[in-house]
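Each chain is listed here by its residues.
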Amino acid sequence: MKQTQITGSLNRFSLALLLLCVPMLLSAARYQVRGSKAPVETMFKSIMKQAGCNYIYPANMLKGTFVTVNIDTSDLTSALNQLFEGTPFGWKKKGNNITITRRRIPSKTVISGFVRETGTEEPLIGAIVRDSVSKTVAATNNAGFFSMHLNPVPSTLTVSYPGFKSKAVRINPEQQKSVSINLTESFSDPGQDLQELVVTTDRNEIIAMQTADLGRLNLTQTDILNTPVIFGEADVIKTIQLQPGVSAGLEGLAGMYVHGGAHDENLYMLDNIPLYQINHFAGLFSAFNADAIKNVDFYKSTFPAKYNGRLSSVMDVHTKEGSIEKFNGSFKLGLTSGALFLDGPLPNKKTTYSISLRRSWFDLLTIPGLAIYNATRSDKENKSTANYSFTDANLRLTHRFNDRNSSSIMFYYGDDHLKWGTTNDYYYGEDRDRTTEKNISRLRWGNIVASVGHNTVLSETLFGEFRLAYTRFWSRLAHLADRKDYAKDELFISSTRNYIVRNGIDDIIARADFSWSPASAHRITFGASATEHFFMPEHNSADLTNINNDISSADTKTNVNAFEASAYIGDDWDISKALRLNFGANLSLFNVSHNSHFSADPRVSVRWQPLPSLSIKGGYSRMTQFVHQLTQSPLSLPTDQWIPIMDDMKPQHSDKISVGAYYQFSNYVVSAEAYMKWMRNVVDYRDFYYILPDDTPMSEKLTQGKGDSKGIDFMITRRSGRLTGHVSYSLMWARRRFDGINHGQWFPARFDNRHKINILLSYDINSKWSVNASWTGMSGNRITLMTQDYLILDPGNTYITAEPWETPIADLNEGVNNFRLPFYHRLDLSANLKTKRGLWTFSIYNAYCNMNVITVVKNRVGSGYYNELYGLKDSFKQFRLLPLIPSVSYTWFF
Amino acid sequence: MKQMKKYISFILFLCSFASILVSTSCTSDIDLDIKSEPVGILNILADPDSLIYIQISHSWPLTQRPKDVIVKDASVTLSVNGLDVGPVRYDADKKLYVCNFTPKEGDKIEAKAETEAYGTLSGRTTVPEKTHVEKWSYESKIMTDYNSMFANDNGSITYGKIFVCEYRITFSDPAEGTQYYMIRSDNDSGPLDKFFSIDPILNDGISPFDAIFSDRHDLMIFSDRQINGKDYTISYQTQRSLSLISFGQQLVDRISLYTISEDYYLYLRSLCVKYGSGLNEILEPIGLSEPRAIYSNINGGSGIIASRNGFHIENNVAEEYEKALHDAWVSN
């Protein structure tokens, strides 16, 4: 072996070398070297010079190896260990001589762990973990768990999460198999300069640049709270409405129509459990209380193998577990509701709770308001009643047995109550003959989700989540019409009618989900679930009672049970540094009324990263849907029924191809995603279904058809710095065709908004004030507008007549969604002010008060005869809704 | 605490303000740039009690006055059971086409109208069997009319009276097939204030949800779904105010119980849904419900070809009315 002694000099190829050699003090020698991507050889020689040791190693052995180190120690062993960490080199010391050897590279070892928030111990979902040696990157799952295959050499894990300070943790995989890493929230550090809050690694940047997913978005609670919304009621759905490719539906409501999909083609999940009715107050607010939300995953283009059951999108909401460190609480009072949030540990310090309660308080205004109205009206015998309220509650208990096992109980309850009606008393003459009338309607609907689950680290590479759940949606509309006529206190006419209309769905769900990392390049997810559905599409009852107490009752009830099972497997595979492949399949079985339907839905997406700043992706997803919600209105009414595929109906399928390009520069990511989606067996009411008798089988009222949509979504995003937000533009087409609708002709979808522009900006002025603005502009929704009249056969006359003013006229049916409403645009503003104990949120919905057109209505000026006589004409009028609406809320933290 | 009160007052103020604004919607005129082409309309109601009249017209834009909408130059052919029963001529006075043919039950009628401007319109219907009325009866009575009142000399109030005839019509429904019915009054003599029925069979086809807003068909139509193949007695009321004005007039109740063709039933159902008082009537005008269309069975255009076959009751109630009027005066 040739021995060579090399004199030190700076390496000319080093990009950022800063070498500092400090002569050792007389009393205590210190070894100090620092460099970024510096030649290991130079670093080594510097240490040797400081130590005054001799060294020996084969010529050229250290050439081409670079390290990033910051060594400052008095221990030579430590200095050399740090220097050679992550390199294939070892060292030996004999006397004053150091010999460098080439180490045997052992096979990789596995390290797993959890990333949590400092103090609260809340798992951080989607935190990015990077290994300094192997350059492996992992993301934490819903439990904050990650698993990595590393070289069995000491290395450093760097963990980052938006809004949190990044942290570097030194590990030695040869000696430790698990690690628990806690991150500190940036905002929790008082007096911190705003610049320090900048988080260079954003979850959505990682999704855009690193993963193979297309059309995926991760929202944190902050994202949701920073979106200006109507009444200042933070709402995850309304935040997602600002994404390209997502149509919002009707003005002000929490609708979601993704890439030409229908309202029931979105899978809403609360901690992995489906939720069927996600609206309060006909969609003015969604059922997801922002206080309880930790973060949200939203998919609109390619879908992980885990998800199935809806055609167009998946929204998975993860709720907070609660702090294990201390009790926290907040109370929020807004324009429309009040909310209380509590979380903290139980005395055993192993169990945490998280409770959020929200209740509207419209009724606190309407009840006294109506009482005053009723008291002041001249006919005091006549009274009106109306009130509305909604309540929702989220509860979560999490018990951590140890670092590897935890169990949780989750409960959600949502309840809406609407009541309206009149009571009238009429008195006649001296005898005080009287008539009493009562017409009261009550509509009540809600959801319950209850689940119990257990998370466990089965091995360093295998994580399992087991969950048993019950989810329920119910709706009940009751109407009482009662009339009694008295003559001299003697009842002589009595009629009572009670109608009750119910619908609902109950699911019992068992599921197991696993994530497995058999090798550093593979992240495999697999699992299975079984669901027993209990549908009650309708339960209608009517009781008619007359004066003789003769009761005529009718009760029709439809119950349909169905069993659904699914299994999935998917692999996220790093084929090379530039190429990443995500592929898998979801298999599902749906059994209803002795008919079984099977589907195998492949999913594949690929990312090619020719440059670190450029990713190009492509993907294909097939989705299958076995249940659907029937609706007769763009409002999301609780009376809309969920039903499974029945009789001769076939499952709905969608096939979607997406391609996208993502370019990152500075703090920006620019993206373009194009898609084509084909849908089969989509369901809708057929033409004239409403004239069929009420007890007509549902399948005869429905028709199945096909649809397609295509478009491209452009977006530029800035996720870090004082100014964050995005600007997006969507170009899209969506249409449908059914044999039983529109004479079998294609027609555009109602929310076929050809162009859509969204601008969402948030600016942190200082540590107290931040402002947000969002502007939406889009092509108007489509509506069915009957623009012509015609003479109809007069049902009131024995013989038909022919003069227009003698014959009734009616609207002529000219095609579905044949008219596009005018261009829609709106600016919303909000400002947040942090105080010592609270947060003020001021918002203005529709800041420049552009009341947008939600429909076009007919203005009939009179009968045909008078039209002729006075030259009056019928006309069309635009119906505009929602002016400027200011709101304010205050959240008190305690 | 003082500060909190101030905040709450502020919130309440904004809340009230917002409530006022939200409840404020507005409308404004719009000129629609829609170029819709008019279509041909064909309407026929075949009835064994009448010749066949045919109305041919065309649609017109809502924003224009209906002018010359009758199509006078159509070539119309009418066939019954496959045989041409022409000629069909245009009656300029009635502005209808008429065929000198009276249909009978079971006739399969096909109509075809060729127009120069609106193409060919066609449709078919089958005249249903006449309603099998087994018996009918009626009972008259006097009831207080709380809608009319008179001030007496002493200041007291006297309520008016109404003369009510309650009819009970028993008919048998054929076991085969689905039958559709319509009951109506064709009174054309004497003051008839009201005719109505609260018979539960008229709730047929109305969903409980719609029943909250309207509990029966305005057009009094029903199917035999609830009575299939059985006898059924339907009740029906006529009401007249008791007044001297009516004294001596011919007072005849004319009530018809029709069996109607399925197309006619669907057509009338669609009219009930569109112009009735169900949920749709509330939601459709403000764009929150898909507009309901009127049922049509005409190929190449719109309109309806329908048929009916009725049993008619003609009941002169002048004698009872006169007696009731006398009794009412005596009692007062």
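The sections below set out a description of the structure shown in this document.

The rules we used
- Residues numbered from 1 in each chain as written.
- Chains lettered and ligands numbered in written order.
- Predicted model: local features only at pLDDT ≥ 70, side-chain atom pairs only at ≥ 80, totals over all residues.
- Heavy atoms only, no water.
- Helix = DSSP H or I, 4+ residues; strand = E, 2+ residues; numbered from the N terminus.
- Buried < 20%, exposed > 50% of the residue type's maximum accessible area, 1.4 Å probe, protein only.
- Contact = heavy atoms within 4.5 Å.
- Areas by Shrake-Rupley, 256 points an atom, 1.4 Å probe, with all protein chains shown as cover.
- Phe/Tyr/Trp six-rings, centres within 6.5 Å; stacked < 30°, edge-to-face > 60°.
- Axes fitted to C-alpha atoms, helices over the stretch in contact; angles between N-to-C directions.
- Parallel < 35°, antiparallel > 145°, perpendicular 65-115°, else oblique.
- Nonpolar A, V, L, I, M, F, W, Y, C, P; charged D, E, K, R; others polar.
- Salt bridge = Lys/Arg side-chain N within 4 Å of Asp/Glu carboxyl O.
- Pairing = 2+ DSSP bridges.
- Expected span 1.5 Å × (residues − 1).
- Core = buried A, V, L, I, M, F, W, Y, C linked by side-chain atoms within 4.5 Å.

Attention now moves to the overall build of chain B. Assigned secondary structure in chain B consists of five helices and 18 strands. Residue burial in chain B is summarised as follows: out of 332 residues, 50% are buried. Residue pairs in contact within chain B that sit at least 24 positions apart in sequence constitute 70% of those at least 6 positions apart. Of the accessible surface of chain B, which amounts to about 16000 Å², a share of 51% is contributed by carbon and sulfur atoms.

As a further point, take the overall build of chain A. When you go through chain A residue by residue, the secondary structure sums to eight helices and 52 strands. In chain A, buried positions account for 58% of the 894 residues. A separation of at least 24 residues holds for 64% of the contacts in chain A among residues at least 6 apart in sequence. Surface exposure of chain A reaches about 36200 Å², of which carbon and sulfur atoms provide 57%.

For the rest of this paragraph, the subject is the packing of aromatic side chains. Residue and element names in this part refer to chain A. All chains considered together, the criterion is met by 45 aromatic pairs over all chains. Centroid distance F231 to F285: 6.2 Å. Interplanar angle 45°. Geometry classified as tilted. With F231 in the loop between α4 (221-225) and α5 (236-240) and F285 in strand β19 (residues 285-286), this residue pair connects regions lying 54 residues apart in the sequence. On the numbers, 6.3 Å between centres and 50° between planes, the contact of Y388 with F390 is tilted.

Residue and element names in this part refer to chain A. Direction vectors running N to C along helix α1 (residues 40-51) and helix α2 (residues 76-84) enclose 175°, while the axes themselves pass 10 Å from each other. As far as their axial angle goes, α2 and α1 are roughly antiparallel. Of the residues in α2, those in contact with V40, M43, F44, I47, M48 and A51 of α1 are L76, A79, L80, L83 and F84. Classifying every residue of the contact of α1 with α2 by side-chain character gives 11 nonpolar, no polar and no charged.

Before going further, it helps to spend a moment on the pattern of salt bridges. Applying the stated criterion across every chain, the model contains 39 salt bridges over all chains. The salt bridge involving D655 of chain A is made with R622 of chain A; its shortest N-O contact spans 2.8 Å. With a gap of 33 residues between them, D655 of chain A in strand β37 (residues 652-665) and R622 of chain A in strand β34 (residues 614-625) connect regions that are remote in the sequence. By relative accessible area, which is 10% here, D655 of chain A ends up buried. Judged by relative accessible area, which is 24%, R622 of chain A ranks as partly exposed. Across the salt bridge formed by E114 of chain B and K112 of chain B, the nearest N and O atoms sit 3.8 Å from each other. Each of E121, D271, E321, R396 and R400 of chain A takes part in salt bridges that share partners, so that together they form one network.

Attention shifts here to the pairing of strand β49 (residues 838-845) of chain A. Residues and elements named next belong to chain A. Most of β49 sits out of view: six of its eight residues are buried. Here strand β48 (residues 824-834) pairs with β49 via six bridges, running antiparallel. Paired with L833 across the strands is W840, a residue of β49. Between β48 and β49, which pair antiparallel one after the other, the connecting turn spans three residues.

The next point concerns unusual backbone geometry. All names here are of chain A. The backbone of D271 shows a phi angle near 50°, a positive value even though the residue is not glycine. With respect to the helices and strands, D271 occurs in the loop between β16 (266-270) and β17 (273-274). Relative accessible area serves as the criterion here: at 8%, D271 is assigned to the buried category. We note that H594 has phi near 65°; this positive angle belongs to a residue other than glycine. Note on placement: H594 falls in the loop between β32 (579-592) and β33 (595-611).

Residues and elements named next belong to chain A. When the terminal C-alpha atoms of α1 are compared, their 16 Å separation across 12 residues agrees well with the 16 Å that a helix rising 1.5 Å per residue should span. Judged by how many residues are buried, α1 sits mostly within the fold: 10 of 12 residues are covered. For α1, the secondary structure elements touched by its buried residues are β1 (31-39), β2 (54-56), β3 (66-73), α2, β4 (89-94) and β5 (97-102). Positive phi appears at G52, one or two residues downstream of α1, with a value of about 70°.

Once that is clear, we can look at the pairing of strand β18 (residues 302-316) of chain B. Within a regular strand, side chains alternate between the sheet's two faces. Residues and elements named next belong to chain B. For β18, a buried count of 11 out of 15 residues is recorded, marking the element as mostly surrounded by other parts of the structure. Here strand β2 (residues 40-46) runs beside β18; their pairing, made up of six bridges, is parallel. Note that in β18 the partner of I41 across the bridge is S302. When strand β17 (residues 252-260) meets β18, the two strands line up antiparallel, connected through nine bridges. Along β18, the bridge assignment pairs I255 with I313.

Counting residues in each nonpolar core, the largest one holds 70 residues, and the members touching the most others are L702 of chain A together with I260, Y264, Y267 and L268 of chain B. Sort the elements by how many residues they give to this core and helix α3 (residues 262-275) of chain B lands first, with eight residues. Not counting residues up to four positions away in its chain, the partners in contact with Y267 of chain B are I792 and L793 of chain A together with I294, Y295 and I304 of chain B. Listed in part, the 29 residues of the second largest apolar core include V246, L275, A287 and V449 of chain A.

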